[in-house]
Amino acid sequence: MTEIEARDASVSRRSFLRAGGVAALGAAVAGPWPRRAAAQGTGPLRLGFQVHRTGIGAVYGRWYERTTTAAVKLINEKGGIAGRPVEIVAEDDGTDPKRGAEVVEKLAVHHKVDLIFGTLFSHVVIASAPRAGELKIPYLVVSEGYHVASGRLNRYVFQPGITDVRAQVTAVAPWILKNLGKKVTLIFPDYAFGHDHRDFFSRVATAQGGTVRALVPIPPTETSFTKYFPRVPADTEVLYHVMVGPGVLTFVKELGEHFGARRPQLFGFIDSLEGVDLASPGLDFLEGTYFWEAFPRYLPSEAPQHVRLYRERVGINESGASVGDPKDVSTASHMFGCWETLFVIKQAVERSGYRRPGADYKAFVETLEGFQSFPEGIEHPQGSKRFVGRLHQVFGQQLISKVEKRRLAVVHRTAIEDSMYAPEADYTTQPL
Amino acid sequence: VRRPLAASWLSRGRGPGRRRVWLWWTASVGTAVAWPLPAGAHAGGSGFILLLPTHLYVVGGVLVVTASFGLVALVPARVFDRAQGWRITLGSVDPGRCRPLSTAASLVALAAVAVLVVAGTVGSRDPLANPLPLMVWAVWWIGFTYLHAAAGDLWAHVNPWSGLYRVVTGAGPLRRLREAPPLEYPARAGVWPAVAGFAAFAWFELVYPAPADPAVLALVVAAYLVVHFGGVFLFGDAWLRHAEVFAVFFRAISRLAPVGADPPAASRPAAGGRRAVTLALPALRLLGADVAGVSGAAFLLLVLSSVSFDGLSRTFAWLALLGVNPLVHPGRTALVAQNSLGLVVLVGLLAVAYGTAVRLAARLSGLRASPRRLVAAFAPSLVPIACGYHFAHYLPVLLVDGQYALRAASDPFARGWDLLGLRDLAVVTSLVTDPARLYVIWHAQVGIIVLAHVAGIFLAHALALRVTGGRAATTWSQLPMLVLMMGYTLLGLWLLSTPAVG
């Protein structure tokens, strides 16, 4: 019996059926208009889901939607949140920052949802979050960006379900230096995403006795990479790469053509190849190289039951691809964030006594800020977490995986403490 | 012997039947729905295409088009005549007796549109769960276009206006509305209203930030429905033939179809008004089409350039030109002005290129004809190219969003229904992300682009033969058109090969 099953064994059959019935009723009348019961805090808990259904985030959005649907189904099966069935109100933002802000407003004002969650792409988060702050509605992003913990956003914005890029780099850098080599060259796309890696990695590496031998920025529209490789110093021991976009496959192929068997160690971030089969053409050269993952795409043999249950509910097979479409590879290292965020919402709503939009937000925000940890289990299948209330940011374990036989095998799991850095913000001092 | 162009075939197409035929085909050229596909910050999809030696495909495609020009030049004029006239009669229909069926089909279509508009308003806010955007942008705009290219002009029967109009004006006091419409559709208006309508449609689809937003789309569809009901009640059937954008569009596309109903004059006059349903060689019905003058040519140029712009506006090259980082695409909202301008410029460029090619062609063959007539005369050769672009550009969208449409149709109002038993259909998106499947689709796209241009070359040559009376000068006169076709093949294949966002 899994953790949640054990805990909820006390839920009576009658209350379960009642919650299910209410959930069904909620689904039956789903529409754009808020219902009186919801407004009074007795009907379904309506969660606004800002989703990248279209635009450049569509691949991620598809899996965010599937994971969200699976989590909500499980939550409703177990009696909903505070006894109320959960209803998702999804709005596409087109991965468009300006539309993102409009979607926040539409969800809050027009649909009168209780909370908003789910935004991924950083530029959309950064454009949308101020509107959530103005409207004073909790806005829980699943973005991986450092923008929350940096203090750049506002008191209503949280990232409780996924770790940020600074924490990820901070956690893996010491392992890279210790196990792969101390002389590192970074190849990164020349914009904010790449710059984060450049800055965070350089900071940790130099502090820990490593040397950044060269920084090789690549223009985002580049499609041929061979001309950049001569800028990698000959004594480089580790090539740290974080390329993204359609050029990645060509990048790897040309990397192989340039370095061949005499390559340095390679360390990359799975962001480069989320949703892409590692057995795809052009990726042969990655055999024996290392990647950061947040969640094992390929099911480890020793995976606990809650991980298996999570994968089953979301609908991914042992290779991290869709059960219904085995060639459709999931965005495993990101989408779990929606699942975990929804269970954090559940916990915060239930503990704060939240009932309806408006005055109850204060209790919700303060309760969430008071959280310190989340135990591993079906609610947090990625692993246990620490939550830093002043940063509104969760911290967790990071995985280092090796490409073996065109699959990823986890070789190291960092401790949560490995990813912690000195806080640079304190949202709790801002007025509500 | 220099015959004015109009004397050859345009003048033969003056009858109402001929005009209708031409207008059908005018519509065929494909528009592009800005429907987002997985790409952009994602490594799959177009990333796999970048691994192919795409430059060889581009060169090969252009060479095939060039070679086809050489081959076509060797074909005697009489072969073209024979090919154009080739028919296998499949049967015949009596338009009068079929009308009730057509009326019923149109009424059903109207009901379906009404249901979709309601679904768009009160159904799911998710554009991949609400049936309205999926039915409009995938099933209708893409699927219906394919259907017209294969099976002829269905829109003439399943448009949502004609049925209600016929019923309302079939008897009683409103009967006079049909017998003598309050306003006469001015002949000189040609299909210009449809050109304006298509321009608005293309802008909405390609530039407006949220064309798939269910509520926005519901408003647009409802408004379109009302405007054209107004048009048909004021101007009669002529409005639906000339001013309704998709009547013009689908009619043009349907001229590519091997199946079609020949007008009475072309079949047996003794048949008592019955129309022969015949099988012809694909695309050759275009040679018998009545071009609606400059406005018809403008419509086709607009369609072709808008589909091209949909492809172009997603390329890294275009975004780099705008100074935009495609990996953090700022969204359509931020690019409304730039894309509006880009669309206009591309339409202008294509119009100038086409106009120049046609005038040069006339000069080289010694033809004396007004530029307006020349522009109209060669326009049918644009139809297969526009349709080919449409097919190539939207094939992946149809394959994936068609599945979402089935799911959405099962629960159109998000009420938990499962009308078709498909609500939980597992949508196979790997069609456009798995390399093996992607390569099959991509090769089909490349093939259709090349084939479309070969068809364009053939048609342009046949049209030139007709207007010059089969003189030898035709081959030389077609060199400017060849250059235009080569250029467009190049552009089409490049658009398929270059990195792009979704």
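Note that the coordinates shown come from a computational prediction; the quantities given were computed from them, not determined experimentally.

Caption draft 1: Quick peek at the packing of aromatic side chains. This structure, assessed with the given rule, holds 58 aromatic pairs over all chains. Both rings, one in B:Trp141 and one in B:Phe201, keep their centres 4.9 Å apart while their planes meet at 70°; by these two values the pair is edge-to-face. Of this pair, B:Trp141 sits in helix α7 (residues 131-151) while B:Phe201 sits in helix α11 (residues 192-206), placing them 60 residues apart in sequence. The burial state of B:Trp141 is the same as that of B:Phe201; both residues are buried. The ring centre of A:Trp63 lies 4.4 Å from the NZ or CZ of A:Arg66, which sits over that ring.

Caption draft 2: Layout of the sheet that holds strand β6 (residues 183-189) of chain A. Residue and element names in this part refer to chain A. Read across the sheet, 7 strands follow the order β7-β6-β8-β9-β10-β14-β15 without closing on themselves; strand pairing throughout is mixed. Bordering the open sheet on either side are β7 (211-218) and β15 (407-413), each of which pairs with just one other strand. Strand-to-strand, the axes of this sheet are offset by a mean angle of 25°, without reference to chain direction. As judged from the 7 bridges shared by β6 and β7, these two strands associate in the parallel manner. Bridge assignment links Val184 to a residue of β7, and that residue is Val212. Against the sheet, helix α7 (residues 165-179) touches β6, β8 (238-241), β9 (265-269), β10 (290-293), β14 (399-404) and β15, its axis set at about 170° to β9.

Caption draft 3: Spatial organisation of the sheet that holds strand β11 (residues 373-374) of chain A. All names here are of chain A. Strand order across the open sheet formed by 3 strands is β11-β12-β13, with antiparallel pairing between neighbours. With one partner strand each, in any of the chains shown, β11 and β13 (393-396) form the two edges of the open sheet. Across 4 bridges, the pairing between strand β12 (residues 385-388) and β13 is antiparallel. Its bridge partner lying in β13, Phe387 is registered against Val394.

Caption draft 4: Seen up close, the interface of chain A and chain B. The partner chain B presents 51 residues to the 49 residues of chain A that form the contact. Here chain A meets chain B over a buried area of about 4,100 Å², counting both sides, of which 62% is carbon and sulfur. Contact with chain B buries surface across chain A, with A:Arg53, A:Ile56 and A:Pro246 losing the most and accounting together for 17% of the total. Across the contact surface, chain A and chain B share 4 salt bridges. The salt bridge partner of A:Glu91 is B:Arg125, with a shortest N-O separation of 2.4 Å. For the interface between chain A and chain B, the tally reads 10 residue pairs in polar contact (both at pLDDT 80 or more). Broken down by class, the residue content of the side of chain A that touches chain B amounts to 19 nonpolar, 16 polar and 14 charged.

Caption draft 5: Examining the pairing of strand β1 (residues 45-51) of chain A more closely. Residue and element names in this part refer to chain A. Of all 7 residues in β1, 7 are buried; the element is thus mostly enclosed. Both faces of β1 are covered, namely the face carrying Leu45, Leu47, Phe49 and Val51 and the face carrying Arg46, Gly48 and Gln50. One ladder, built from 7 bridges, connects β1 with strand β2 (residues 86-92); its direction is parallel. Its bridge partner being in β2, Phe49 is matched across the sheet by Ala90. A crossover links β1 with its parallel partner β2, the connecting element being helix α4 (residues 58-77), and its sense is right-handed.

Caption draft 6: Inspection of the pairing of β12(A) at higher detail. Residue and element names in this part refer to chain A. Sheet analysis places β11 next to β12, joined by 2 bridges and oriented antiparallel. Note that in β12 the partner of Phe374 across the bridge is Lys385. Between the antiparallel neighbours β12 and β13 lie 4 residues, among them His392 with a positive phi of about 60°.

Caption draft 7: Seen up close, the confidence of the model for chain B. Residues and elements named next belong to chain B. Scored by pLDDT, chain B has a mean of 87; 88% of the residues are at 70 or more. The secondary structure element of chain B with the lowest average pLDDT is helix α1 (residues 5-10), at 26, and the one with the highest is α11, at 98. Segment residues 1-41: pLDDT under 50, and 197 contacts once partners within four positions in sequence are set aside and those in other chains are kept. Quick note on the complex model: pTM equals 0.88, ipTM equals 0.86.

Caption draft 8: Up close: the confidence of the model for chain A. Overall, the prediction assigns chain A a mean pLDDT of 91, with 91% of residues at 70 or greater. Counting interchain partners and residues more than four positions distant, the pLDDT-below-50 stretch residues 1-36 of chain A has 50 contacts.

Caption draft 9: Region of interest: the packing of helix α15 (residues 293-313) of chain B against helix α19 (residues 383-410) of chain B. Residue and element names in this part refer to chain B. Across the interface, α15 lies against α19 with an axial gap of 9 Å and an inter-helix angle of 25°. Judged by the angle between their axes, α15 and α19 are roughly parallel. In the packing of α15 onto α19, the handedness of the crossing is left-handed. Of α19, the residues touching α15 (which contributes Leu300, Val303, Leu304, Val307, Ser308, Asp310 and Gly311) are Val383, Ile385, Ala386, Tyr389, His390, His393 and Tyr394. Here the contact of α15 with α19 is built from residues that sort into 9 nonpolar, 4 polar and 1 charged.

Caption draft 10: Quick look at unusual backbone geometry. Residues and elements named next belong to chain A. The backbone phi angle of Thr95 is positive, close to 50°, even though this residue is not glycine. With respect to the helices, strands and loops of the structure, Thr95 is situated in the loop between β2 and α5 (97-110). With a relative accessible area of 1%, Thr95 lands in the buried category. Residue Lys112 is not a glycine yet carries a positive backbone phi of 50°. Within the fold, Lys112 resides in the loop between α5 and β3 (115-117). Given a relative accessible area of 47%, Lys112 falls into the partly exposed group.

Caption draft 11: Layout of the nonpolar core. Grouped together as the largest cluster of nonpolar side chains are 259 residues, with contacts concentrated most on A:Tyr240, A:Phe267, A:Leu273, B:Trp141, B:Phe299, B:Tyr354 and B:Phe378. A per-element tally of this core places helix α20 (residues 435-468) of chain B first, with 15 residues. Beyond its immediate chain neighbours, meaning those up to four positions away, B:Tyr354 contacts B:Leu301, B:Leu374, B:Val375, B:Phe378, B:Ala379, B:Leu382, B:Met481 and B:Leu484. Listed in part, the 8 residues of the second largest apolar core include B:Val400, B:Ala408, B:Val427 and B:Val432.

Caption draft 12: Fine view of the packing of helix α5 (residues 77-85) of chain B against α20(B). Residue and element names in this part refer to chain B. Running from N to C, α5 and α20 cross one another at 110°; their axes reach a closest spacing of 10 Å. Between α5 and α20, the angle falls in the class roughly perpendicular. Like other packed secondary-structure pairs, α5 and α20 cross with a definite hand, here left-handed. Across the interface between the two elements, Ala77, Phe80 and Gln84 of α5 pack against Phe458, His461, Ala462, Leu465 and Arg466 of α20.

Definitions and limits used
Note that residues are indexed from 1 along each chain, following the sequence as it is written. Written order decides the labels, with chains lettered from A and ligands numbered from 1. pLDDT decides what is reported in this predicted model: residues at 70 or higher carry local features, side-chain atom pairs at 80 or more are listed and counted, and totals for whole chains, interfaces and linings draw on all residues regardless. Water and hydrogen atoms play no part in the side-chain values, which are based on all heavy atoms of the structure. Working definition: rings of Phe, Tyr and Trp (its six-membered ring) pair if their centres are within 6.5 Å, and the pair is stacked with planes under 30 degrees apart, edge-to-face with planes over 60 apart, and tilted otherwise. Put simply, DSSP marks the helices as runs of H or I at least four residues long and the strands as runs of E at least two long, and each gets a number from the N terminus on. Residue burial is assigned from relative accessible area. The probe radius is 1.4 Å, only protein chains are included, and a residue is buried under 20% of its type maximum, exposed over 50%, and partly exposed in between. In this scheme, the term charge over a ring applies when either NZ of a lysine or CZ of an arginine sits within 6 Å of the ring centre and within 35 degrees of the ring normal. Any two strands between which DSSP finds at least two bridges are classified as paired. In this description, a line fitted to the C-alpha atoms serves as the axis of each element, helices being fitted only across the stretch in contact, and the angle between N-to-C directions of two axes falls anywhere from 0 to 180 degrees. Contact definition: two residues touch when any of their heavy atoms are within 4.5 Å. By definition, the buried area sums, over both parts, the 1.4 Å-probe accessible area that each loses when the two are put together. In the sections that follow, a salt bridge refers to a side-chain nitrogen of Lys or Arg positioned within 4 Å of a carboxyl oxygen of Asp or Glu. Counted as a polar contact is a pair of N or O atoms within 3.5 Å, where, for protein atoms, one must be capable of donating a hydrogen and the other of accepting one, and residues adjacent in sequence contribute only when both atoms are in side chains. Gly is placed with the polar residues, together with every amino acid not listed as nonpolar (Ala, Val, Leu, Ile, Met, Phe, Trp, Tyr, Cys and Pro) or charged (Asp, Glu, Lys and Arg). Handedness rule for crossovers: strands pointing away from the viewer, path from the first strand over the helix to the second running clockwise, crossover right-handed. Confidence of the predictor at the level of single residues is captured by pLDDT, which takes values from 0 to 100. Relative orientations are named as follows: roughly parallel for angles under 35 degrees, roughly antiparallel for angles over 145 degrees, roughly perpendicular for angles from 65 to 115 degrees, and oblique for any other angle. The hand of a helix crossing depends on one turn: near helix anticlockwise from the far one by less than a right angle means left-handed, and clockwise means right-handed. Remark: nonpolar core denotes a set of buried residues (Ala, Val, Leu, Ile, Met, Phe, Trp, Tyr, Cys) joined through side-chain atoms within 4.5 Å.

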